[in-house]
Amino acid sequence: MTFLRPINKHLFTRADVMLLFLMAVFLNSMFLKPAIASTGQIISTPLPLNQLTPTITTNAILQSERKLFIEARKRLSRGDLNGYRALSAKLTDYPLYPYLEFFKHKRYISKLSLDDIESFSQNNADSPISYRLYNAWLASLAKSKRWRDYVATYESNGNSKYDCYYYWAMFKEGYTKKAFLGAEKLWLVGKSQEKACDPLFEVWKKTDAFDEDIAWRRTQLAMQNRKLQLAKYLERFLSEPEKSLSKEWRKLYRAPKRLAKITRYQQWGNHAKPLLISGFKRLIRKEMGLAINLWPQYERSFDFTDKESAEVYQYFAKILALRFDDKAEYWLNQALVLPGGEEIIDYGIRHALRSHDWKRVKRWLAMTPQAERGSNQWRYWEAKSDQVIGEFALNNTLNRKSPSIPTTIPLPLSYIPTSPALEYPFQNLLKPHSDFIHNLTLPDNTRTLLPHITDSLFQSLQTPVAALSGLSQERSFYGFISSELLNKPLQLNHQRSTPSNDQITRVLSTPGIVRAWELYQIKEDTYARSEWNLAITRMPAEDRGIAAQLADQWGWHHHAIMAAARSDIRDNLKLRFPTAYQNTVTSNASKNGIAKDWVFSLIRQESAFSYQAKSPVGALGMMQIMPATAKQISKNMGIRYKGKYSLLQPEKNIQLGTRYMGQLLKRFQGNTILATAAYNAGPTRAKRWQPKHTPMAGDIWIETIPYKETRNYVKNVMTYQAIYRSHLGQDIKLAKSLISVPARYPQLVRTIN
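In this text, all values refer to a predicted model and were calculated from it rather than measured experimentally.

What follows concerns the overall build of the protein chain. For the protein chain, the count of helices and strands is 42 helices and zero strands. Burial statistics for the protein chain: of 753 residues in total, 49% are counted as buried. Contacts in the protein chain between residues at least 24 apart in sequence constitute 62% of all its contacts with a sequence separation of at least 6. Carbon and sulfur atoms make up 50% of the accessible area of the protein chain, which totals about 37,100 Å².

Take a look at the structure:
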């Protein structure tokens with residue numbers, strides 16, 4: 001290969017030198033892949049002599065320039081401009097030279113002009129430092145009150161702080177009308193705004209544009225966003241009846257049982273509707289029985305629109321369905337005929353699944369929008385319900401005993417309130433829908449009730465085996481389950497891809513990739529990630545795939561995973577599902593009695609191997625451990641807990657995470673599904689979601705997990721396990737726990753003779 005010839009400094013530019021070094025690192029790591037996979041680090045070992053010269057020469061040059069760069073930055077931080085200039089003059093060809101300019105501009109930001117900013121942005125348009133400097137300059141303009149420059153240069157990026165500065169600048173420059181329109185837009189949110197907005201709000205509130213109606217609208221937004229302190233602050237701008245309504249709203253939020261006294265709210269008439277809807281949502285969660293009894297009274301007493309009623313009916317339906325309550329079907333059917341009824345179809349399907357009412361599953365699936373009905377998820381459950389119903393019909397024909405499966409679809413009024421006062425409104429409201437549902441149970445009538453657009457669905461009906469067979473060709477949770485039901489091998493559809501030298505050279509020549517590499521070498525990880533991400537975003541899909549392979553060879557597994565997911569090599573499973581830190585994972589998995597494929601799968605789901613991952617709620621590291629959990633686990637293990645930042649060390653994170661996985665697996669008697677759900681949502685919730693008295697098939701239990709996040713989490717981990725078993729040379733199959741999820745109280749099961 002010509003690019004491996006010894007370097008002649010008279011024939012190569014600095015960019016050529018950098019490219020040669022990166023190519024050498026890439027080729028070196030290709031031959032050392034097992035070592036990289038087991039440690040997650042790039043390991044340097046001797047290359048053949050004909051490849052060694054460019055690596056040594058180039059590396060020596062870069063090491064020297066890195067030292068100069070670090071020293072120049074130190075001189076700048078001390079205010080030694082002469083020393084900084086002398087060193088930076090030697091680095092004009094160094095890939096990170098623009099960062100020296102960036103750091104200098106940031107230090108002396110108040111002295112920059114608009115021309116300076118525009119020049120820097122144009123010269124560094126392919127780097128995130130152009131945006132960073134621009135934002136720093138905007139803050140400086142606001143601090144120094146250079147409003148004319150602010151108005152001339154500002155482009156909104158959705159940051160409310162800078163938006164407030166902009167509209168204040170507009171006001172100061174005489175554009176009053178536009179400034180106050182912006183003030184109203186910024187003020188009408190359900191949260192406290194940035195302090196930067198205060199001067200703008202103060203002058204705006206003194207104008208005729210600000211009135212009680214606007215204050216009441218924001219109060220509603222604040223209460224809907226559960227910002228009670230903000231709502232209390234806004235009371236000063238309200239008069240009656242809104243002021244009293246605001247006070248009562250906060251009381252009702254804290255004590256929703258206040259709804260039991262309807263006369264308290266009748267005095268305000270329809271003005272009370274916003275707080276009543278909010279209050280009922282709170283009461284539904286806290287006192288379901290009371291909410292069910294009270295709602296019909298409020299429906300009769302207040303003039304709720306269909307949309308407002310739908311909001312309450314949907315909330316009843318969703319909460320009852322998520323709690324697996326038998327009363328849910330009634331409220332689901334009620335909500336279905338009101339505006340936005342399509343939102344509760346998924347809840348209806350899952351509630352029917354949890355009840356093992358397969359004909360009701362079919363009915364709800366029939367109402368799913370056609371685009372969604374073609375998803376793997378609903379294709380699987382349609383095939384499964386057809387299979388169960390078909391088997392029952394066959395057994396019934398042969399007069400064989402079989403488990404009790406409903407032969408008719410239950411009427412929507414499977415639950416009717418016993419109070420005579422409640423029967424009349426519910427039955428009248430539901431009669432048209434009740435008639436429709438009843439006709440659905442009659443095969444001869446069903447087709448005539450459906451629109452002509454559904455004809456294609458009947459014409460393309462598949463047998464359950466054919467539908468499952470089609471799904472089994474896909475690499476997905478439902479594809480893998482379908483394969484196992486049909487006793488077929490799981491289809492991973494793995495395809496390796498090897499880039500050509502020209503492709504590698506093209507991607508390695510991308511300035512952002514080069515800068516990202518160098519920034520990682522000098523431990524500037526935050527800047528490195530920004531450079532990498534921006535470079536990847538601007539690449540075509542083909543180049544992203546090549547960049548992903550480079551990142552994988554360099555040990556940047558998280559970057560490789562994320563880039564591959566947005567590329568044309570999504571079938572390269574070795575790349576998308578790495579076995580990094582294999583020695584650490586294997587050792588800790590063995591100590592805690594858990595499968596290492598499960599550990600790899602959980603890491604892949606939690607952080608995609610980002611050891612620096614930080615969640616909004618405070619979970620840290622590759623296995624996303626909460627500091628409080630880490631502290632408790634460390635205490636149980638008899639080891640010292642060195643603070644939350646120790647969780648960013650991969651080895652420590654894996655040590656604690658696998659110990660916690662082992663504890664959960666033991667707590668749930670070896671059931672991987674329950675332990676996985678517990679890792680995400682907590683063991684208390686996982687136990688509460690278990691079937692009460694009798695075991696349940698794993699696929700049904702997973703599909704009916706109330707939290708969407710946990711539901712998808714468990715599906716992903718189960719799917720990833722099959723992939724990692726392939727990587728580790730094990731049988732490619734799903735977890736045995738999918739066969740059955742145990743009941744919480746199996747000892748309470750009674751046999752009825």
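Resuming the write-up.
Where helix 16 (residues 273-286) contacts helix 17 (residues 288-301), the axes come no closer than 7 Å and their chain directions differ by 150°. Here helix 16 is positioned roughly antiparallel relative to helix 17, judged by the angle of their axes. For the element pair helix 16 and helix 17, the recorded crossing hand is left-handed. Here Leu276, Phe280, Leu283, Ile284 and Lys286 of helix 16 come into contact with helix 17, specifically with Met288, Leu290, Ala291, Leu294, Trp295 and Tyr298. Its residues assigned to classes, the contact of helix 16 with helix 17 comprises 10 nonpolar, no polar and one charged.

Note the cis peptide between Glu240 and Pro241, where omega equals 5°. Even without being glycine, Arg226 reaches a positive phi, approximately 60°. One can find Arg226 in the loop between helix 12 (212-224) and helix 13 (228-234). Although it is not a glycine, Asn493 sits at a positive phi angle of roughly 55°.

There is a patch of like positive charges on the surface, built from Lys191, Arg226, Lys227, Arg285 and Arg323. Residue position: Lys227 is located in the loop between helix 12 and helix 13. Judged by relative accessible area, which is 40%, Lys227 ranks as partly exposed.

This part covers the packing of aromatic side chains. Within the structure shown, the criterion is met by 48 aromatic pairs. Arranged with centres 4.9 Å apart and planes meeting at 80°, the rings of Tyr380 and Trp381 form a pair that is edge-to-face. Of the two residues, Tyr380 and Trp381, both sit in the buried class. Summarising the aromatic geometry, the rings of Tyr660 and Tyr679 are spaced 5.5 Å apart at their centres and angled 50° between planes, so their arrangement reads as tilted. Residue Tyr660 is found in helix 38 (residues 650-667), and its partner Tyr679 is found in helix 39 (residues 672-681); the two are separated by 19 residues along the sequence. Through a chain of ring-to-ring contacts, the aromatic side chains of Tyr265, Trp268, Phe280, Trp295, Tyr298, Phe302, Phe304, Tyr313, Phe316, Tyr330 and Trp331 assemble into a single cluster.

A few words on the nonpolar core. Grouped together as the largest cluster of nonpolar side chains are 203 residues, with contacts concentrated most on Tyr150, Tyr265, Tyr298 and Trp701. Beyond its immediate sequence surroundings of up to four residues, Trp701 is in contact with Arg354, Ile673, Leu674, Ala677, Ala686, Trp689, Gln690, Pro691, Met696 and Val741.

Below, the discussion takes up the pattern of salt bridges. Here the structure, examined in full by the defined rule, presents 34 salt bridges. Notably, a salt bridge pairs Glu248 with Arg258, separated by 2.8 Å at the nearest N-O pair. Taken as a pair, Glu248 in helix 14 (residues 242-254) and Arg258 in the loop between helix 14 and helix 15 (263-266) lie far apart in primary sequence, 10 residues in all. Take Arg258: its relative accessible area is 24%, and that puts it in the partly exposed class. Between Lys318 and Glu343 there is a salt bridge, with its nearest N and O atoms 3.7 Å apart. Of the two residues, Lys318 is situated in helix 18 (residues 306-322) and Glu343 in the loop between helix 19 (328-336) and helix 20 (345-354); the sequence distance between them amounts to 25 residues. The class for Glu343 is partly exposed, based on a relative accessible area of 45%.

Another point: helix 16. Relative to the 20 Å expected for 14 residues at 1.5 Å per residue, helix 16 spans 20 Å between its end C-alpha atoms, a close match to the ideal helical length. The complete set of buried residues in helix 16 reads Lys273, Leu275, Leu276, Ile277, Ser278, Gly279, Phe280, Leu283 and Ile284.

Bringing the confidence of the model for the protein chain into the picture now. Taken over all residues, the pLDDT of the protein chain has a mean of 86, while the share at 70 or more is 82%. Per-element confidence in the protein chain is highest for helix 36 (residues 596-606), whose mean pLDDT is 98, and lowest for helix 2 (residues 33-39), whose mean pLDDT is 36. Predicted confidence for residues 1-12 stays below pLDDT 50, and this span has 21 contacts to residues more than four positions away or in other chains. Overall, residues 400-427 carries pLDDT values under 50, and its contacts beyond four positions in sequence, including any with other chains, amount to 52 contacts.

In helix packing, the relevant descriptors are the interaxial angle and the interaxial distance, both defined with respect to the helix axes. Two elements in contact, helix 29 (residues 501-508) and helix 32 (residues 541-553), have axes whose closest approach is 10 Å; the angle formed by their N-to-C orientations is 85°. On the basis of the axis angle, helix 29 is roughly perpendicular to helix 32. Of the residues in helix 32, those in contact with Gln503, Ile504, Arg506, Val507 and Leu508 of helix 29 are Glu542, Asp543, Ile546, Ala547 and Leu550. Considering only residue class, the contact of helix 29 with helix 32 consists of six nonpolar, one polar and three charged.

You can see Glu329 is positioned in helix 19. The class of Glu329 is buried, set by a relative accessible area of 2%. For Glu329, the side chain forms a polar contact with the side chain of Trp364, separated by 3.3 Å.

Another point: the environment of Asp699. Positionally, Asp699 belongs in helix 41 (residues 698-703). Look at Asp699 and you get buried, because its relative accessible area is 8%. Considering only alpha carbons, one finds Asp699 and Ile739, 40 residues apart in sequence, at a separation of 8.0 Å. Residues in contact with Asp699, not counting those within four places in the same chain, are Tyr380, Trp381, Lys384, Ile481 and Leu738.

This next bit is on the environment of Glu524. Looking at the element boundaries, Glu524 is found in the loop between helix 30 (511-521) and helix 31 (525-537). Residue classification places Glu524 among the partly exposed residues on the basis of a relative accessible area of 21%. Among all residues touching Glu524, those that are not within four sequence positions of it are Arg73 and Leu519.

Conventions we followed
- Residues numbered from 1 in each chain as written.
- Predicted model: local features only at pLDDT ≥ 70, side-chain atom pairs only at ≥ 80, totals over all residues.
- Heavy atoms only, no water.
- Helix = DSSP H or I, 4+ residues; strand = E, 2+ residues; numbered from the N terminus.
- Buried < 20%, exposed > 50% of the residue type's maximum accessible area, 1.4 Å probe, protein only.
- Contact = heavy atoms within 4.5 Å.
- Areas by Shrake-Rupley, 256 points an atom, 1.4 Å probe, with all protein chains shown as cover.
- Axes fitted to C-alpha atoms, helices over the stretch in contact; angles between N-to-C directions.
- Parallel < 35°, antiparallel > 145°, perpendicular 65-115°, else oblique.
- Left-handed = near helix turned anticlockwise from the far one by under 90°.
- Nonpolar A, V, L, I, M, F, W, Y, C, P; charged D, E, K, R; others polar.
- Patch = residues over 30% accessible without salt bridge, like charges linked within 9 Å, V, L, I, M, F, W, Y side chains within 5 Å.
- Salt bridge = Lys/Arg side-chain N within 4 Å of Asp/Glu carboxyl O.
- Lys, Arg positive; Asp, Glu negative; His and termini not counted.
- Charge placed at Lys NZ, Arg CZ, Asp CG, Glu CD.
- Phe/Tyr/Trp six-rings, centres within 6.5 Å; stacked < 30°, edge-to-face > 60°.
- Core = buried A, V, L, I, M, F, W, Y, C linked by side-chain atoms within 4.5 Å.
- Expected span 1.5 Å × (residues − 1).
- pLDDT = per-residue confidence, 0-100.
- Polar contact = N/O pair within 3.5 Å; in protein donor to acceptor, adjacent residues only side chain to side chain.

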